[in-house]
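# Structural characterization, general
The chain contents come next:
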Amino acid sequence: MKRNHNSMKLLLSATLLGFFTFIATGMDTNVSAQEAASQWTRDAASQATMNEGNTAPVIQMDDLQKIASDYYIWDTWPLQDRNGNIAVVNGYKIIFALTVPSDVLPGKRHDSSEIRYFYSKDGKSWKLGGLVFNDGKALGSRQWAGSAIIDKGGKVHIFYTATGRKNESQLTYEQRIATTTGKIVTSHTHVAFTDWSDHKIILQPEGQYYQTNEQSEQGEDSYAFRDPYFFQDPKTDEEYIVFEANSAGTLAERTDYLEQHGADGPQEFNGSIGIAKAVDGNLTEFEMLPPLLEANGVNEELERPTLSVKGNQYYLFTKTHPEKFAPGLDAPEGLYGFTSDTIMGGFHPLNGSGLVIANPKENPYQAYSWMVMQNGTVISFVNYVNVEGKNIYEIGEQSPEYQLAHFGGMLAPSLKLSITGDQTKIVHEKQQGVFH
Ligand code: FRU
């Protein structure tokens, strides 16, 4: 029975067998053979070469300003409407960011991050509003990236990653997706959030499509179930959350299965982009669906995915690091993208390889966590600059002074991206802090 159970899990985890899922479970789902996860292949990823159209201009950190002098900020996202546009609330735009006080060692920031918000009338210069959840009720021992949307009457839904458990004595890397709903209130001078509902976990990995912490702990380092992004499909009005995950199963289970099916590439590289569909009007109940994209044998961390529609096409963007690609693949720190004319299935890499924006060779870690806005403006944050050929592990071994001096922890200059069909191109650099 145990064996059957495990092999069923394996069938389910291999999402190319969506068809079997349908037969085996008899579930009333949208899963069908056509809806198998798209695959980012080694062949495609190996074509990720840098050129004029995908290489960002070198960042001159000394010319830039922090929006909060006492804090480092990194992953940042705007308050959006349901169409993915930046919301304007009584003349204010609002952004959210992961933050830590600026005396925290940059590499340690993920262990204590909290979400702060900023607001702006001109959409360029941002004022710190404060902690989004200042009542200690946020879930997790720290909060990681998320997204936020506004509904009528100033109702705000925020989705975020609850990492670890509150008050845990030893830091853990469990990741769950949480939500709460509150109200935004504005005055002539200030923006505030009130009345947050009880925070609720809405998604956690089930081990069939998405790897659980326990499965990952059996032989792997990297684990992800995080970074929710709300998406309302303009073609159907269905509401979804997309998120970063790993393909399910332990390393041993996946290796057996993939070997039998002739897949190549090291099986610990199992990055995926997951999706779940809202099943109630309040955005608090979601049905897990098979992943939109898998990178088996290609990459182990497809961070902060977003989904959007332009023309008739769906666009899936994600960011990743060079060291997260499987051995044998040489691809830069960058924004990568995929497009399809249907939401479930059929995603193929933009520009052939998937590479959309790369850091320049002279400054290979200068920016990260790019997010593409509806009009093609791309925001990101300044990561490590002028590191004189050191890789990310070597940077981590430098003195605290070195790390602090070379880390930006601030918004980067924005970029303007043109997107036509399955081709993209960086058009020009925009001012720091511009989100539209
Ligand atoms: C990307 C990221 C996210 C995560 C956060 C944690 O910069 O790794 O995937 O939510 O940072 O700090």
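Now for a description of the structure that goes with this document.

Reading guide: rules and limits
- Residues numbered from 1 in each chain as written.
- Predicted model: local features only at pLDDT ≥ 70, side-chain atom pairs only at ≥ 80, totals over all residues.
- Heavy atoms only, no water.
- Helix = DSSP H or I, 4+ residues; strand = E, 2+ residues; numbered from the N terminus.
- Rg over C-alpha atoms; globule rule 2.2 N^0.38 Å.
- Buried < 20%, exposed > 50% of the residue type's maximum accessible area, 1.4 Å probe, protein only.
- Contact = heavy atoms within 4.5 Å.
- Areas by Shrake-Rupley, 256 points an atom, 1.4 Å probe, with all protein chains shown as cover.
- Pairing = 2+ DSSP bridges.
- 1 Å grid on protein atoms, 1.4 Å probe; cavity = no way out; pocket = protein on both sides within 12 Å on 5 of 7 lines; lining within 4 Å.
- Points joined across faces, edges and corners; volume = space filled by probe spheres on them.
- Nonpolar A, V, L, I, M, F, W, Y, C, P; charged D, E, K, R; others polar.
- Phe/Tyr/Trp six-rings, centres within 6.5 Å; stacked < 30°, edge-to-face > 60°.
- Lys NZ or Arg CZ within 6 Å of the ring centre and 35° of its normal.
- Salt bridge = Lys/Arg side-chain N within 4 Å of Asp/Glu carboxyl O.
- Near = heavy atom within 4 Å.
- Polar contact = N/O pair within 3.5 Å; in protein donor to acceptor, adjacent residues only side chain to side chain.

### Overview of the overall build of the chain
When its secondary structure is counted, the chain shows seven helices and 24 strands. The globule rule puts the C-alpha radius of gyration for 436 residues at 22 Å, and the 21 Å found for the chain is close to it. Evaluated residue by residue, the chain yields a buried proportion of 58% over its 436 residues. Sequence-distant contacts, at least 24 apart, represent 62% of the contacts inside the chain between residues at least 6 apart. Of the roughly 17,700 Å² of accessible surface on the chain, 49% is carried by carbon and sulfur atoms.

### A short note on the sheet that holds strand β11 (residues 226-232)
The five strands lie next to each other as β1-β14-β13-β12-β11, forming an open sheet whose pairing is mixed. Here the strands that pair on one side only, and so sit at the sheet edges, are β1 (38-39) and β11. In this structure, strand β13 (residues 271-278) lies alongside strand β14 (residues 286-294), joined through six bridges in antiparallel fashion. Residue pairing across strands places S272 opposite E294, the latter belonging to β14.

### A word on the layout of surface pockets
Here the largest pocket defines a volume of roughly 1,200 Å³. Along the wall of the largest pocket there are 41 residues; nearest its centre are G107, H110, E301, H321 and K324. The set of elements that each furnish at least two residues to the lining of the largest pocket consists of β2 (71-80), β6 (142-151), α4 (213-217), β11, β15 (303-310), β20 (367-372), β21 (377-384) and α6 (392-396). Counting residues per element, the lining of the largest pocket draws most heavily on α6, which supplies four residues. A per-class count over the lining of the largest pocket returns 14 nonpolar, 11 polar and 16 charged.

### Regarding the pairing of β6
Of all 10 residues that make up β6, nine are buried, and the element is covered over most of its length. Both β6 and strand β7 (residues 155-163) contribute to a ladder of nine bridges, which runs antiparallel. The residue of β7 that forms the bridge with G146 is Y160. Between β6 and the antiparallel strand that follows it, β7, lie three residues; G153 among them carries a positive phi value of about 75 degrees.

### Here we look at the packing of aromatic side chains
Per the stated rule, a full pass over the model turns up 27 aromatic pairs. With 5.8 Å between their ring centres and 70 degrees between their planes, Y368 and W370 make a pair best called edge-to-face. W370 matches Y368 in its accessibility class, with the two residues each being buried. Members of the aromatic cluster, connected to one another through ring pairs, are W77, Y92, F96, Y117, Y119, F133, Y160, F193 and W196. When the ring centre of W74 is taken as origin, the NZ or CZ atom of R109, which lies over that ring, is 4.9 Å away.

### Details of the pattern of salt bridges
Two side chains of opposite charge can pair, provided their charged atoms sit close to one another. Tallied over the entire structure, the rule returns 15 salt bridges. Across the pair R176 and E174 runs a salt bridge, and its minimum N-O distance is 3.8 Å. This pair shows no difference in class: R176 is buried, exactly as E174 is. Several salt bridges converge on common partners, so that one network encompasses R226, D227, E244, E301, E303 and K324.

### Some thoughts on the site of the ligand
Taken together, W74, D75, L98, H110, W144, A145, R226, D227, E244, E303, Y368 and S369 form the complete shell of residues around the ligand. Contact between the ligand and D75: an oxygen atom at 2.8 Å from a side-chain N or O atom of the residue. In the model, an oxygen atom of the ligand is placed 2.9 Å from a nitrogen or oxygen of the R226 side chain. Contact with the protein chains hides 95% of the accessible area of the ligand, taken as 320 Å² for the molecule alone. Elements that contribute at least two residues to the shell around the ligand include exactly β2, β6, β11 and β20. Looking at side-chain class alone, the shell around the ligand contains five nonpolar, two polar and five charged residues.

### Some points on the pairing of strand β22 (residues 407-411)
Most of β22 is tucked away: five of the five residues are buried. Alignment of β21 against β22, held across three bridges, turns out to be antiparallel. Paired with F381 across the strands is L411, a residue of β22.

### Here's the deal with the side chain of T320
Summarising the element assignment, T320 is placed in strand β16 (residues 313-320). Classification of T320 by relative accessible area gives buried; the value is 1%. Of note is the side chain of T320, whose polar atom sits 3.1 Å from the side chain of N299. Excluding residues within four positions of it along the chain, T320 makes contact with N299, E301, F325, P332, E333, G334, Y336 and Y368.

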